[in-house]
Amino acid sequence: MSRARDARGGRSLSDRIAVALTESTVFGRRMGDVRAGLRRRMVPNHWSSLFGVVAIASLVVILVTGLLLMFFYVPSSETVTSTTPYPPLAGTETSKAYASTLHLSLEVQGGLLLRQAHHWAALVLPAALILQLLATFFTGGFRRPRRGQWVLLFLILIVSLVGGWSGYALPDDMLSGTGLRIVEGIVLGIPVIGTWASGLLFGGEFPGEIIEHLYPVHVAVVPAALIVFIGLRAFAAWVQKPAQFRGPGRTEENVVGVPLPNAAVRAVGLGALVCGVILVIAATVTINPIWAYGPSSPGDASAGSQPDWYTGFLDGALRLVPPGWEFEWLGHTWTLAVLIPLAVVSVFLAVVALYPFLEEGMTRDHRDHNLLDRPRSRPTRTGLGVAAVVFFGTLWAAGSADVIATQLQVTFEGVILSLQITLLVGPPVAFWITRRAAIGLQRRDLDILEHGFETGRIVRLPGGEYVEVHQAVDRAERARLLAGVTAAPSSAGEEAPALTGGPR
């Protein structure tokens, strides 16, 4: 009798007993509510949200490979005699840090793969974060109530840059030693506190104990900060519903997309794909071959040395300042060739971090925004973003000015002069061109809304007039175009074209 009822109910007796026991407890009911809430929560389905998945996947590779590398790396500047089987370096005096890294690369099975996967992932992480920042900026995803998420994302980027820089120096090869010598020169160029700061950083005269100082930053401070900031941002994103682009059925109050479990499965799949691609690159493309660079030497420098791409803009800022910019004041030498780049880069980064608050103060728009903008709908903001990209790109290109000069067979001075002019003229020109292009695109969208799409079909009317037949805009396309031509003037900084009619 009971078996028949169980068959009709569609569940076995044990399953029904388990469900009854689970639902009869407070914990069971709460877990059921959580599962139901997860199934009901919707996530917008847009490609720009995948940059975060790429960043998380890269971070996972960094943490896993970094944990394994800790078992082989020796963070010590103490000098030893190398016992490597690599003939050019056999018997040379190196630090324990360099010797352990060389042993890991050439003698430990899979060691070079670990190192290269760690390095490649560290290059992908800031790229994904910068793209996520750009997508958030150009779509207005930083506005209330997500200003805190923007600041946290910026801090995650800065911490990842610190992590990359600190790890760049740990192998103690000639390339990293040259980079550290540049850092020492910058620190010493700071008036009043430069000597003290250099002694604190290096633990004495260069190179001092820089390996011992950077290692805890790289393996403890940076990972802890990343976990905290990512956790806070994930919590904020959970509390605040995700932003979405305008479209049919989408309002400031709802979210249209895919259920969270489905989005999570897609994110895990993309993350696994990113991890696989990084491992394939690490297995096939050599990066940072320290055996070719040799051990670090305080009295030598590596010719043609280049920093990792994400710190190139700092090196470029130093190169673009004209030489000889210094003066004596208050008993100290004020080296403007160091101070001006530090000040300019610091101001630029501060403006990026605080931009949501600056825009809100200038536009006096204190409303919550859950719908994203098309970049063309905010010409001024989009122009500022492109100007910032040109500014950053010019500094980044200047970091490789010597390589540009040798590869293009032009003078180094000519490359520097061209980049100096671009740094001053490029951003305002980019702002003006981008702003005018955005306004032009708005007017084009308005024309499509009023007249429809051109079909190329010419018909003759009964009165003898020839006209082109236009195709009416469908509902989904109309909603997308409206997002670009009906933006609020208070947030855009200029009046948007007026919408006076519909498709015909």
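Everything below is about the structure shown above.
Within every chain, residues take consecutive numbers counted from 1 along the sequence as written. Thresholds applied to this predicted model are a pLDDT of at least 70 for local features of residues and 80 or more for the giving and counting of side-chain atom pairs; totals over whole chains, interfaces and linings are not thresholded and use all residues. Neither water nor hydrogens contribute to the side-chain values; these are computed over all heavy atoms in the structure.

J.: Explanation requested: the overall build of the chain in the structure shown.
T.: Only DSSP runs of H or I with at least four residues qualify as helices, and only runs of E with at least two residues qualify as strands; both kinds are numbered from the N terminus onward. A count of helical and extended segments in the chain gives 19 helices and 10 strands. Across the 504 residues of the chain, 39% fall into the buried class. Should any heavy atoms of two residues lie within 4.5 Å, those residues are counted as being in contact. For the chain, the proportion of contacts with a sequence separation of at least 24, taken over those separated by at least 6, is 73%. Surface summary for the chain: the accessible area is close to 26900 Å², and the carbon and sulfur share equals 66%. Summary of the burial criterion: residues with accessible area below 20% of their type's maximum are buried, those above 50% are exposed, and those between are partly exposed, where the area comes from a 1.4 Å probe applied to protein chains only. Accessible surface is estimated by sampling points in the Shrake-Rupley manner with a 1.4 Å probe; for residues, cover comes only from the protein chains shown.

J.: It is not clear to me how the packing of helix 14 (residues 336-363) against helix 15 (residues 379-398) should be interpreted in this structure. Could you clarify?
T.: Each packed pair of helices is defined by two parameters, the angle between the axes and the distance between the axes. Remark: helix 14 packs on helix 15, axes separated minimally by 12 Å, with the N-to-C direction vectors making an angle of 160°. The orientation of helix 14 relative to helix 15 falls into the category roughly antiparallel. Here helix 14 runs over helix 15; the crossing is left-handed. Facing helix 14, whose interface residues are Val344, Phe348, Tyr355 and Glu359, helix 15 presents Arg381, Leu384, Ala388, Phe391 and Phe392. Of the residues that constitute the contact of helix 14 with helix 15, the class distribution is 7 nonpolar, no polar and 2 charged. Interaxial angle, 0 to 180 degrees, is taken between N-to-C directions of lines fitted to C-alpha atoms, where a helix line uses only the stretch in contact. The cut-offs work like this: below 35 degrees is roughly parallel, past 145 is roughly antiparallel, 65 to 115 is roughly perpendicular, and the gaps in between are oblique. Each helix crossing is assigned a hand: it is left-handed if the near helix lies turned anticlockwise from the far helix by less than a right angle, otherwise right-handed if that turn is clockwise. Side-chain classes are defined by residue name, with Ala, Val, Leu, Ile, Met, Phe, Trp, Tyr, Cys and Pro counting as nonpolar, Asp, Glu, Lys and Arg as charged, and the others, Gly among them, as polar.

J.: Please explain the packing of aromatic side chains as it appears in this structure.
T.: Centres within 6.5 Å make a pair out of two Phe, Tyr or Trp rings, where for Trp the six-membered ring is used; the pair is then stacked when the planes are under 30 degrees apart, edge-to-face when over 60, and tilted otherwise. Across all of its chains, the model carries 11 aromatic pairs by this definition. Seen in terms of ring centroids, Trp47 and Phe51 are 5.9 Å apart; in terms of plane orientation they differ by 85°. Their pairing is edge-to-face. An aromatic cluster of three or more residues is present, and its members are Phe137, Phe138, Phe142, Trp150 and Tyr355.

J.: Which parts of the structure should I look at to understand the nonpolar core?
T.: Soluble, globular proteins show a tendency: their nonpolar side chains are buried together. Among the nonpolar cores identified, the biggest contains 33 residues, and Val61, Leu125, Leu129, Phe137, Val159, Leu226 and Phe229 are the most heavily contacted of them. Secondary-structure elements contributing two or more residues to this core are helix 4 (50-69), helix 6 (111-138), helix 7 (147-169), helix 10 (210-239) and helix 11 (260-284). In this view, Phe229 contacts Leu152, Leu155, Ile156 and Val159; residues no more than four positions away in its chain are not counted. As used in this record, nonpolar core signifies buried Ala, Val, Leu, Ile, Met, Phe, Trp, Tyr and Cys residues forming a set joined through side-chain atoms within 4.5 Å.

J.: Where do I start with the side chain of Glu360 in this structure?
T.: Position of Glu360 relative to the elements: it lies in helix 14. Relative accessible area serves as the criterion here: at 8%, Glu360 is assigned to the buried category. Residues adjacent in sequence count toward polar contacts only when both atoms are side-chain atoms; beyond that, a polar contact is any pair of N or O atoms within 3.5 Å, and within protein one must be able to donate a hydrogen and the other to accept it. Looking at Glu360, its side chain comes within polar contact range of the side chain of Arg144, at 2.7 Å. Setting aside residues no more than four positions away along its own chain, Glu360 makes contact with Arg144, Arg147, Asp365 and His366.

J.: Hey, could you run me through the pairing of strand 10 (residues 466-471) in this one?
T.: On a regular strand, one side chain projects to one face of the sheet and the next to the other, so that they alternate. Strands are treated as partners if at least two bridges between them are detected by DSSP. Strand direction decides the pairing type here: strand 9 (residues 453-460) and strand 10, joined by 6 bridges, are antiparallel. The residue of strand 10 that forms the bridge with Glu454 is His470. Counting the residues that bridge the hairpin from strand 9 to strand 10 gives 5 residues, and of these Gly464 lies at a positive phi of roughly 95°.

J.: What's the story with the environment of His118 in this structure? I'm lost.
T.: Secondary-structure assignment places His118 in helix 6. We classify His118 as buried; its relative accessible area is 15%. Note: C-alpha distance between His118 and Ile278 (160 residues apart in sequence) is 9.0 Å. Residue contacts for His118: discarding those within four places in its chain leaves Ile62, Thr65, Gly66, Leu69 and His218.

J.: Honestly, the packing of helix 6 against helix 7 in this entry has me stumped. Any pointers?
T.: Direction vectors running N to C along helix 6 and helix 7 enclose 160°, while the axes themselves pass 10 Å from each other. Taken together, the axes of helix 6 and helix 7 lie roughly antiparallel to each other. The way helix 6 lies across helix 7 gives a crossing that is left-handed. Across the interface between the two elements, Leu125, Pro126, Leu129, Ile130, Gln132, Leu133, Thr136 and Phe137 of helix 6 pack against Trp150, Leu153, Phe154, Ile156, Leu157, Ser160 and Leu161 of helix 7. Of the residues that constitute the contact of helix 6 with helix 7, the class distribution is 12 nonpolar, 3 polar and no charged.

J.: Just to check I follow, could you spell out the pattern of salt bridges for this structure?
T.: Opposite charge on two side chains allows them to pair when their charged atoms are near. Whenever Lys or Arg places a side-chain nitrogen within 4 Å of a carboxyl oxygen from Asp or Glu, that contact is recorded as a salt bridge. With the rule as written, the count across this model stands at 15 salt bridges. With a closest N to O distance of 2.9 Å, Asp365 and Arg367 form a salt bridge. Ionic pairing is found between Asp445 and Arg376, a salt bridge with its closest N-O pair at 2.8 Å. Taken as a pair, Asp445 in helix 17 (residues 412-451) and Arg376 in the loop between strand 8 (371-372) and helix 15 lie far apart in primary sequence, 69 residues in all. According to the relative accessible area criterion, Asp445 is buried, its value standing at 0%. A relative accessible area of 18% places Arg376 in the buried class. Connected via shared salt-bridge partners are Arg143, Arg246, Glu359, Asp373, Arg378 and Arg381.

J.: What exactly am I supposed to notice about helix 15 here?
T.: In an α-helix, one turn spans 3.6 residues, which is why side chains three or four residues apart end up on the same side. The terminal C-alpha atoms of helix 15 lie 29 Å apart, and with 20 residues this matches the ideal 28 Å at 1.5 Å per residue to within 8%. Along helix 15, the residues that are buried comprise Pro379, Arg381, Thr382, Gly383, Gly385, Ala387, Phe391, Thr394, Leu395 and Ala398. For a helix, the expected span equals 1.5 Å multiplied by the residue count minus one.

Everything listed here is a matter of coordinates, which is why it stays silent on function.
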